[in-house]
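Spelled out, the chains give:
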Amino acid sequence: MTSADPAQLGVPPQRAKNLVSPLQEVLWRREQTRSAGADLVLGEAFRLRGDLDREALGKCLAILLNRHESLRDGFLFAEVPGRRAGQLVRVEMPATNNLAAEQTTVFDLARGGLFRATLTETGAQEYTFLLRASPMVADGAALEILLDELNELYGATRLPELERTYSHYVAWHRGRLTETRVAQQLSYWREQIGGALPVVELPADRSRARAIDGWGAELRLEVPAETGRWAESAAREFAVPIETVYLAAFKGLLQRYTDEEDVLVATAADLRQPGGFARVVGCCTNTVLLRTDLSGRPTFEEAVRRVHKTLSGALSNRDVPIGSVLEAVQPERVRSGASSYQVRFEWLDHPPAELQLAGVAVARLASQVDCDLILRMWRDGDGYAGAIRYQRALFETSTVADFARHYLALVARAAEQPQQAIPDIPFLDSVEQQHTAADYPRYMAIQHLIERQVVRTPEAVAVSFGGTSLTYQELNRRANQLARYLKGHGMSPRTLVGLCVPRSIDMLVAVLGV
């Protein structure tokens, strides 16, 4: 070990390997309150085709388990001398079952086995390969590290020795969270997210009431070279990092899609880099909330400046785990049981890691997604690329493809002419513009148009308000129930019925029912 040992980082050697990080403490508390079967999980699923060496793959996974101590951890409360209550500690578990034949769906923090690989044969030289991990032992960046190292090991490359371990990281992070730092950062977050958190509710193809399993699909983006150059030019002109331009365009599009001026997006804050833990696998990434006020018809230049201020402030106050922030600030939830965010933006310093096994064709099937939609952007050689990960239970691929096309169009036009107001920046193509100007059957009453849409897309979202949504089928059923009720009380089509209903979904139901 060439780096400082845990004692030099402020932790007695006998306790170093048992300490949990502040992030893990918050995740553990969240785990205790989750409903049965609602595992918190990270995951990647791949299809493998070709001459796979299953034995070699198993050995590679065993090496990774032995290399990274966090992957062998379990968690339990232990009695600590001098303390009245027990303390959450990490306990090393045996590294067994490194390549299972069947997926085990439940993680038990006390029993370990919180990193799992599943290989299922689906045909001749065809397999489904699934990597899953509890966020207690890994994060998104850790999965990227593991994919890189798995590629190297399968290709018979010897990995360099780790200079620092997860125990070193835990000691560093705990030492960094002084009472003064925590108080300062909580004060910042009270100003940023106090009160009601805004909800970014993108128009979905299916109701959010249906079960969501967390598995999402991915759609890749190729940023045209000219668009990338315009974005770089805007970044230079406004003296901001390039990711700020792409984030501002994302927020601008969300504002246009939802008509909400208070736009909240989450992003990942990797805590490895400040302390030099770039290759450490573990729970090292915090989530920060980026809340930006886009009221007053700001120009794109002004939006970039507002987003830059938001992003800089959030990253400067990223050390306190988001769970601790929410526990301390207690922001009001706009809808019951809502997550603190619905969309994420992630900027990567390099293209994301891909599984590459010699002699095997690999295709990514799905990834675990913790919200409705995630936009990931990165540098790709001399240009830029990206991907949208989205909940398959909510969105059709065609809907996400439209969103991607609109995003790239808005980036290009906003960066080229940054003095345009966000609401005025065009992003529809010529065909879509014709569709928005198209006529509709004016001879049909609105309730009949709704009924026709029920036949076409019964599960599509018809109306959303205040965090609640109804599909066309649900809207039509509720309107029919009200119509039958009125008819049963002697009302006829020619009867005048007064409505006194606040702006709500019930108001629309009443209009259609009457």
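Before reading on, note that the structure itself is shown above.
Quick summary incoming for the structure in this document. Values in this document were obtained by computation on a predicted structure and should not be read as measured data.

Analysis parameters
- Residues numbered from 1 in each chain as written.
- Predicted model: local features only at pLDDT ≥ 70, side-chain atom pairs only at ≥ 80, totals over all residues.
- Heavy atoms only, no water.
- Helix = DSSP H or I, 4+ residues; strand = E, 2+ residues; numbered from the N terminus.
- Buried < 20%, exposed > 50% of the residue type's maximum accessible area, 1.4 Å probe, protein only.
- Contact = heavy atoms within 4.5 Å.
- Areas by Shrake-Rupley, 256 points an atom, 1.4 Å probe, with all protein chains shown as cover.
- Core = buried A, V, L, I, M, F, W, Y, C linked by side-chain atoms within 4.5 Å.
- Phe/Tyr/Trp six-rings, centres within 6.5 Å; stacked < 30°, edge-to-face > 60°.
- Pairing = 2+ DSSP bridges.

Glancing now at the overall build of the chain. Secondary structure assignment for the chain yields 16 helices and 14 strands. Taking all 514 residues of the chain together, the buried fraction comes to 49%. A sequence separation of at least 24 residues applies to 75% of the contacts in the chain between residues at least 6 apart. For the chain, the computed accessible surface area is about 25300 Å², with 49% contributed by carbon and sulfur atoms.

Ranked by internal contacts, the top residues of the largest apolar core, which has 75 residues, are Tyr-246, Phe-250 and Tyr-407. Here this core takes 10 residues from helix H12 (residues 397-416), the largest share from any one element. By size, the runner-up hydrophobic cluster in this structure holds 54 residues, among which are Leu-109, Leu-114, Phe-277 and Cys-284.

Looking now at the packing of aromatic side chains. One pass over the full model with this rule turns up 13 aromatic pairs. Ring centres of Tyr-169 and Trp-172 lie 5.9 Å apart, and the angle between their planes is 45 degrees; on these two criteria the pair is classed as tilted. Of this pair, Tyr-169 and Trp-172 both sit in helix H5 (residues 166-176), 3 residues apart, which is roughly one turn of the helix. Each member of the pair, Tyr-169 as well as Trp-172, is classed as buried. Pairwise contacts between aromatic rings join Phe-250, Tyr-257, Phe-345, Phe-403, Tyr-407 and Phe-427 into one cluster.

What follows concerns unusual backbone geometry. Even without glycine at this site, Asp-259 takes up a positive phi of about 60 degrees. Counting through the fold element by element, Asp-259 comes out in the loop between helix H8 (242-258) and strand E7 (262-270). Classification of Asp-259 as exposed rests on a relative accessible area of 63%. Residue Arg-297 is not a glycine yet carries a positive backbone phi of 50 degrees. Examined against the element boundaries, Arg-297 turns out to sit in the loop between strand E8 (285-293) and helix H10 (300-316).

Now for the pairing of strand E1 (residues 42-50). Two faces belong to every sheet, and in a regular strand the side chains alternate between them. Among the 9 residues of E1, 7 are classified as buried, and the element is accordingly described as predominantly covered. Pairing between E1 and strand E5 (residues 126-133): 8 bridges, direction antiparallel. Residue pairing across strands places Gly-43 opposite Arg-132, the latter belonging to E5. Taken together, the 7 bridges between E1 and strand E10 (residues 360-368) define a ladder with antiparallel strand orientation. Bridging from a neighbouring strand, Phe-46 pairs with Arg-364 of E10.

In short, shape yes, function no, at least from these values alone.
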